[in-house]
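# Breakdown of the fold
As a plain string of letters, each chain reads:
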Amino acid sequence: MSLKDEMASEQQTHFETELVRLRKQRDSFANQNARLTTQLESVENCLRIVERAEGTAISPPAWLVPTKPKLSAATLVVILSDTHFDEVVNVDEMEGLNCYNREIAVMRLEKWAQNVIKLSRHYLSGITYDGIVVILGGDIFTGDIHEELALTNEDTMIGSLLFWSEQVAAALQLLTDEFGKCFVTSVVGNHGRTTRKPRMKQRVKTNFDYLLSKMVERHFRLDKRISFDIPESADALIKIYGHGHLITHGDQVSGGGGIGGIYPPIMRMRARKQSRYMATGKSFQTLWLGHWHQYISTPSMIVNGSLKGFDEYAMLMGFGHEAPQQALAIITPERNVTIQAPVFCVDRKKEGW
């Protein structure tokens, strides 16, 4: 065989190999496209449900605003935020300080719900609760707003939405069964948005946090024990025994890098919001927010921790380490916020790191 024939034969072999590779890639893309199409149809169905629900008027349940509350009345309030579901935190990059993935997140969500019950029933025994208020405080998903997240997340946003709506519903079911009555309110975070840059207009309805809340609300549509308030505004204002509670995610706060930390800029934001609400005939006594992954409790402000915990970004930026935890408070008619406590959510031995 001549050199020319050998070269032609090698080239033909190369083309045949490349053709096989391209056909496999085509088949893989076709299968992936079919899966995404199925997921997209599910989300579109959920969106149609959301559109039908938008015109529904929502008002707080009667047990939150009783005409004459009993002297022994109390309501438990917990916040679930900054869970960053489906983000992956690699323990090898964290010097052994934390590890996070879908499997661990499921365990931490379950641990959170169980410890809410354990703390309120055993550590704070003797209290009769009128019910429980659950705040979904945003950043439920870590999202794909950054390239590194899109490359390392456990699933696509649609896949995450379908999986975690079921998990959150299971946690709410457990709490509703335990406390008899449950009121859920939600705000969106900055990570669940569908746009690369944060937006002011349609901020809520372009966020997967909002869609998850609506999907969970639909799941419980026949359960009269649980009710929802899912506003289309960035903030949610609710009344408990006549006391105002303002919920916001907290990403509007800027600064916080000095010696005073995040406390001064948060208090400035609180003062601005207080002034605006008072000018429109409304008011609040307690501010609830997340975003900062630091648990801070004061009589007028509760900043939530994170279910995800310490991550690569916090480590490289030199932020302080904090164990995964979420905030809990007991509200009474006379004193508003009384007892406050963190709900710890991690079990390293069970999580296996």
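Everything below is about the structure printed above this text.
First, a word on scope: everything that follows refers to the structure included in this document. (Residues numbered from 1 in each chain as written. Predicted model: local features only at pLDDT ≥ 70, side-chain atom pairs only at ≥ 80, totals over all residues. Heavy atoms only, no water.)

With 22 residues, helix α2 (residues 102-123) extends 30 Å from end C-alpha to end C-alpha; this agrees with the ideal 32 Å at 1.5 Å per step. Its side-chain oxygen 3.2 Å from the backbone nitrogen of glutamate 103, asparagine 101 forms the N-cap of α2. (Helix = DSSP H or I, 4+ residues; strand = E, 2+ residues; numbered from the N terminus. Expected span 1.5 Å × (residues − 1). Polar contact = N/O pair within 3.5 Å; in protein donor to acceptor, adjacent residues only side chain to side chain.)

For the rest of this paragraph, the subject is unusual backbone geometry. Of note, the phi angle at aspartate 86 is positive, near 75°, even though the residue is not glycine. Mapping aspartate 86 onto the fold places it in the loop between β1 (75-80) and α2. The backbone phi angle of tyrosine 241 is positive, close to 55°, even though this residue is not glycine.

Ordered in space as β5-β6-β7-β9-β8, the five strands form an open sheet in which the pairing is mixed. The open sheet is flanked by β5 (236-240) and β8 (296-297), the only strands paired with a single partner. Examined bridge by bridge, β5 and strand β6 (residues 243-247) share five bridges and lie antiparallel to one another. Directly across from lysine 239, in β6, lies its bridge partner glycine 244. Each of β5, β6, β7 (286-289) and β9 (301-303) is contacted by helix α6 (residues 263-279), which is oriented at about 125° to β7, the strand it contacts most. (Pairing = 2+ DSSP bridges. Contact = heavy atoms within 4.5 Å. Axes fitted to C-alpha atoms, helices over the stretch in contact; angles between N-to-C directions.)

The next point concerns the pattern of salt bridges. Counted by the stated rule, this structure contains 13 salt bridges. Among the ionic pairs, glutamate 351 bridges to arginine 108, the shortest N-O distance being 2.9 Å. With glutamate 351 in helix α8 (residues 348-351) and arginine 108 in helix α2, this pair connects stretches of sequence that are 243 residues apart. The exposure class assigned to glutamate 351 is buried, which follows from its relative accessible area of 10%. Two residues, lysine 273 and aspartate 235, come together in a salt bridge whose shortest N-O distance is 2.7 Å. Of this pair, lysine 273 sits in helix α6 while aspartate 235 sits in the loop between β4 (226-229) and β5; the two residues are 38 residues apart in sequence, bridging distant segments of the chain. A residue is classified by how much of its surface remains accessible, and lysine 273, at 10% relative accessible area, is buried. One continuous salt-bridge network, built from bridges that share partners, spans Asp86, Arg102 and Asp155. (Salt bridge = Lys/Arg side-chain N within 4 Å of Asp/Glu carboxyl O. Buried < 20%, exposed > 50% of the residue type's maximum accessible area, 1.4 Å probe, protein only.)

Glancing now at the nonpolar core. In this structure, Phe85, Trp112, Val116 and Val134 are the most contacted members of the largest nonpolar core, which totals 57 residues. In this view, valine 116 contacts Leu76, Val78, Ile132, Leu175, Phe179, Leu328 and Val343; residues no more than four positions away in its chain are not counted. Counting 21 residues, the second largest nonpolar core, distinct from the first, contains Val77, Val187, Tyr241 and Ile247. (Core = buried A, V, L, I, M, F, W, Y, C linked by side-chain atoms within 4.5 Å.)

By secondary structure assignment, the location of serine 120 is in helix α2. The buried category is assigned to serine 120, whose relative accessible area is 1%. Only 2.7 Å separates the side chain of serine 120 from the backbone oxygen of valine 116, close enough to count as a polar contact. Within the structure, the side chain of serine 120 is placed 3.3 Å from the backbone oxygen of isoleucine 117, a separation counted as a polar contact. Look past the residues within four positions of serine 120 in its chain and what remains in contact with it is Leu76, Ser125, Tyr129 and Phe179.

Attention now goes to the layout of surface pockets. A water-sized probe rolled over the atoms picks out the places where empty space is left. In this model, the largest pocket occupies a volume close to 1,100 Å³. Surrounding the largest pocket, 37 residues form its lining, His293, Asp311, Tyr313, Ala314 and Phe319 being those nearest its centre. Those elements that place two or more of their residues in the lining of the largest pocket are α3 (147-152) and α7 (312-316). By residue number, the principal contributor to the lining of the largest pocket is α7, which donates four residues. Residues belonging to the lining of the largest pocket are distributed by class as follows: twelve nonpolar, 16 polar and nine charged. (1 Å grid on protein atoms, 1.4 Å probe; cavity = no way out; pocket = protein on both sides within 12 Å on 5 of 7 lines; lining within 4 Å. Points joined across faces, edges and corners; volume = space filled by probe spheres on them. Nonpolar A, V, L, I, M, F, W, Y, C, P; charged D, E, K, R; others polar.)

The next thing to look at is empty space enclosed by the protein. The full count for this structure, using the stated rule, is one cavity of 30 Å³ or more. If you add up the space inside the largest cavity, you get close to 60 Å³. In terms of lining residues, the largest cavity is bounded by Gly189, Asn190, Arg193, Pro198, Arg199, Arg203, Thr206, Asn207 and Asp251. In terms of residue class, the lining of the largest cavity is made up of one nonpolar, four polar and four charged.

Next up on the list: the pairing of strand β3 (residues 182-186). Among the five residues of β3, five are classified as buried, and the element is accordingly described as predominantly covered. The alternating pattern of β3 places Cys182, Val184 and Ser186 and Phe183 and Thr185 on opposite faces, both of which are buried. Direction of pairing for strand β2 (residues 131-136) relative to β3: parallel, over a ladder of five bridges. Its bridge partner lying in β3, isoleucine 135 is registered against threonine 185. In the sheet, β3 pairs with β4 via four bridges, with the strands oriented parallel. When the bridges of β4 are listed, valine 184 appears paired with phenylalanine 228.

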